[in-house]
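These are the residues of each chain, in order.
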There are 2 protein chains.
Amino acid sequence: MRSEELSLIRELPLFAGVTNTTFDKLVRASYLQFFPPHVRLVNEGDPADFLYVVVEGCLELFAEANGHDTTVALVRPPSSFILAAVLTDSTYLLSARTLEKSRLLLIPAENIRQAMDSDTAFTHAIVHDMAWAYRTIVKSHKNHKLRSTIERLANYLLSEEKIQNGQGRITLPHDKRTLASLLGMTPENLSRAFGTLRQYQVEINGREVHLNSLEDLRALAKPTPLIDDAEM
Amino acid sequence: MRSEELSLIRELPLFAGVTNTTFDKLVRASYLQFFPPHVRLVNEGDPADFLYVVVEGCLELFAEANGHDTTVALVRPPSSFILAAVLTDSTYLLSARTLEKSRLLLIPAENIRQAMDSDTAFTHAIVHDMAWAYRTIVKSHKNHKLRSTIERLANYLLSEEKIQNGQGRITLPHDKRTLASLLGMTPENLSRAFGTLRQYQVEINGREVHLNSLEDLRALAKPTPLIDDAEM
DNA sequence: CCATCATCTTGACATTTGTCAATTCAGCCG
DNA sequence: CGGCTGAATTGACAAATGTCAAGATGATGG
């Protein structure tokens, strides 16, 4: 592992405040690897052998049932995923695949548990990671139970606008199939929802989206920090 | 606080393995109180001043938006709630109200954080509680995104049957309004869904439900441990 | 530059779910 | 016992969302 990579990983929230000893032990036991796009890395139901950390790229967490699948979350650096399965020493509840070429750190579950026993700062970092992940999915759950598909799309666009800070001009970071699945709708319906948003001054051209009236869009979306704020 | 109550609380998963010193400090700073039914205790958006532990009774966690509300979870003893808000020192994402007369332990957030700094066993208990809560809501999220309302109801009935161990005969623990909201549907639709289930040998009489063919119901529900198992 | 493949879009239609209003039902209190 | 209240059910209808099939579009490689 090169030193620039090491320092990148050292800065991850998961390692905030941990001792160098703990960090060295964890990293020595881990694997840092590139994976090509569209590779399935985790299968729901399998025992949780590793904690994954996204160092670069983008991962999709999804679940399957009845021949359908649905996207539960998209994970970008710097963030771990499937932490809860590792902590409870049980099976993964979600599957994961790369959306793009991605660099991941794989930390053996056993080493995570050992580090928790010996380094309180690490345990604290774990607690924060878990709490953050929990709040994120609670928000997503509220988003789905309280809003229509069009409202979810409108809020998604407003969130992206804030993230990309694009002065009302954003680029969709994923293909529309994936976006539709994340928003809990079919691709056909996503197309129609974009059509409906035209009357709110939303112009779409491939992945380029122009939000010509943030006011109009906000009036429709009614965003609230209790669902839409990213916090951190 | 009486000694029988104390020992009940001492047995909570949240306090598993913590030192007597930590436990005493926490309990001395806390309030153990009865609350009547239908009392709102927590408002989403308010700063997280307390961690709540359900010692007796039943709590409903819900969220509001656009004049609607939806039930996110029902909490029974022994379980804490809104732990994540306390750990991140932020605002509650969910509101809470009693469904029945309930006894709650209110632990000041500040004391939780202090105890985490001084007692590693407590931190570990917190980690497990969080991980369990996270997995629970991930399952709920999958339940909603991957299943129809009837499938959700069918699986709910099967889960209750397992919990109540009723040989195909169960009693709904809540009124149907609440059940409908938990399952993400309207009360009218819940009625109709019960009607549909008649052809799967489900008889309903007030809150008494007879599942006369678990096989038929399972064929419809297609339960999976990755959504429906309670684990712990 | 064309052929090809995948993605996206559109239209017609089916299904699911919600809404509103009316009615029934059950518990409770005087 | 009667009447009140809230919960639950039912029916008729509307709206939201999904499905299937057909085209359009856009990127890619020979």
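This is a predicted model, so every value here is computed, not measured.

Further remarks concern the sheet that holds strand S5 (residues 68-75) of chain A. Whether parallel or antiparallel, the strands of a sheet pair through hydrogen bonds between backbone atoms. Residues and elements named next belong to chain A. Strand order in the open sheet formed by four strands is S2-S7-S4-S5, and the pairing between neighbours is antiparallel. Every other strand in the sheet has two partners, leaving strand S2 (40-42) and S5 as the edge strands with one partner each. Pairwise comparison of adjacent strand axes, ignoring direction, gives a mean angle of 35° for this sheet. Both strand S4 (residues 59-65) and S5 contribute to a ladder of seven bridges, which runs antiparallel. Residue pairing across strands places Ala65 opposite His68, the latter belonging to S5.

Attention shifts here to the protein's contact with DNA strand C. Surveying the vicinity of DNA strand C reveals 15 residues, the closest of which are A:Lys176, A:Ser191, A:Arg192, B:Thr149 and B:Asn189. Taking the atoms of DNA strand C that fall within 4 Å of the protein, sugar and phosphate contribute 56% of them. Here a base nitrogen of DNA strand C sits 3.2 Å away from a polar atom, N or O, in the side chain of B:Glu188. Of all the elements in the fold, those that place two or more residues in the surface near DNA strand C are helix H7 (176-182) and helix H8 (187-197) of chain A together with helix H8 (187-197) of chain B.

Inspection of the secondary structure puts A:Ser30 in the loop between helix H2 (20-29) and strand S1 (31-35). Residue contacts for A:Ser30: discarding those within four places in its chain leaves A:Leu105, A:Leu106, A:Ile107 and A:Pro108.

To continue, consider the protein's contact with DNA strand D. Lining the immediate surroundings of DNA strand D are 15 residues, of which A:Thr149, A:Asn189, B:Lys176, B:Ser191 and B:Arg192 lie closest. Side-chain polar atom of A:Asn189 to a phosphate oxygen of DNA strand D: 3.0 Å apart, as the coordinates give it. The side chain of B:Ser191 places a nitrogen or oxygen atom 2.6 Å from a phosphate oxygen of DNA strand D. Looking at the surface near DNA strand D, the elements with two or more residues in it are H8 of chain A together with helix H7 (176-182) and H8 of chain B. Its residues assigned to classes, the surface near DNA strand D comprises one nonpolar, seven polar and seven charged.

Bringing the packing of aromatic side chains into the picture now. Evaluated as defined, the whole model comprises 10 aromatic pairs over all chains. Judged by centre distance (5.1 Å) and plane angle (80°), the ring pair of A:Phe15 and A:Phe23 falls under edge-to-face. A:Phe23 matches A:Phe15 in its accessibility class, with the two residues each being buried. With centroids separated by 6.1 Å and ring planes inclined at 70°, the aromatic side chains of B:Tyr31 and B:Phe50 adopt a geometry described as edge-to-face. Of the two residues, B:Tyr31 sits in strand S1 (residues 31-35) while B:Phe50 sits in strand S3 (residues 50-56), which places them 19 residues apart along the sequence. According to the relative accessible area criterion, B:Tyr31 is partly exposed, its value standing at 43%.

Let us look at the interface of chain B and chain A. Between chain B and chain A, the residue contacts involve 48 residues of the former and 48 residues of the latter. Summed over both partners, the interface of chain B with chain A comes to about 4,100 Å²; 72% of that surface belongs to carbon and sulfur atoms. Here chain B and chain A share two salt bridges between them. Ionic pairing is found between A:Lys142 and B:Glu44, a salt bridge with its closest N-O pair at 2.9 Å.

Core analysis: the biggest nonpolar cluster contains 104 residues, and A:Phe15, A:Phe81, A:Phe122, B:Phe15, B:Phe81 and B:Phe122 have the highest contact counts within it. With residues up to four places along the chain from it excluded, the contact list for A:Phe122 reads A:Leu14, A:Phe15, A:Val18, A:Leu26, A:Ile112, A:Ala115 and A:Met116. Among the nonpolar cores identified, the runner-up in size contains 23 residues, and B:Leu158, B:Leu172, B:Phe194 and B:Leu217 belong to it.

What follows concerns the domain arrangement of chain A. Residue and element names in this part refer to chain A. Domain annotation for chain A reports domain 1 (3-145) and domain 2 (147-228). Each of domain 1 and domain 2 was reduced to a C-alpha centroid, and the two centroids are 28 Å apart. Taken together, the contact pairs 15 residues of domain 1 with 12 residues of domain 2. In this assembly, domain 1 packs against domain 2 so that about 1,200 Å² is buried in total across both faces, 51% of it on carbon and sulfur atoms.

Definitions and cut-offs
- Chains are numbered independently. Their residues run from 1 in the order of the written sequence.
- Numbering of ligands from 1 and lettering of chains from A proceed in the order in which they are written.
- With the structure being a predicted model, the display of local features is reserved for residues of pLDDT at least 70 and the display and counting of side-chain atom pairs for 80 or more, all residues being used for whole-chain, interface and lining totals.
- Water and hydrogen atoms were dropped before computing side-chain values, which therefore reflect all heavy atoms in the structure.
- Note on pairing: DSSP must find at least two bridges between two strands before they are called paired.
- Numbering of helices and strands starts at the N terminus; helices are DSSP runs of H or I of at least 4 residues and strands are runs of E of at least 2.
- Angles run from 0 to 180 degrees between N-to-C directions of axes, and those axes are lines fitted to C-alpha atoms, restricted for helices to the stretch in contact.
- We call a residue near a molecule or strand as soon as one heavy atom of that residue lies within 4 Å of the molecule or strand.
- Two N or O atoms count as a polar contact when they lie within 3.5 Å, although within protein this holds only if one can serve as hydrogen donor and the other as acceptor, and sequence-adjacent residues are included solely when both atoms are side-chain atoms.
- Working rule for contacts: check all heavy atoms of both residues, and any pair within 4.5 Å makes them a contact.
- Think of it as three bins: nonpolar holds Ala, Val, Leu, Ile, Met, Phe, Trp, Tyr, Cys and Pro, charged holds Asp, Glu, Lys and Arg, and polar takes everything else, Gly as well.
- Any pair of Phe, Tyr and Trp rings, taking the six-membered ring for Trp, is counted once the centres come within 6.5 Å. Such a pair is stacked with planes under 30 degrees apart, edge-to-face with planes over 60 apart, and tilted for the rest.
- The buried label goes to any residue with under 20% of its type's maximum accessible area, the exposed label to any with over 50%, and the partly exposed label to all in between, with areas taken from a 1.4 Å probe on protein chains only.
- For any pair of parts, buried area is found by adding up, for both, the accessible area (1.4 Å probe) each one loses once the two are put together.
- Whenever Lys or Arg places a side-chain nitrogen within 4 Å of a carboxyl oxygen from Asp or Glu, that contact is recorded as a salt bridge.
- Throughout this description, the term nonpolar core refers to a set of buried Ala, Val, Leu, Ile, Met, Phe, Trp, Tyr and Cys residues connected via side-chain atoms within 4.5 Å.
- Per the annotation, domain bounds derive from an automatic or database assignment of domains.

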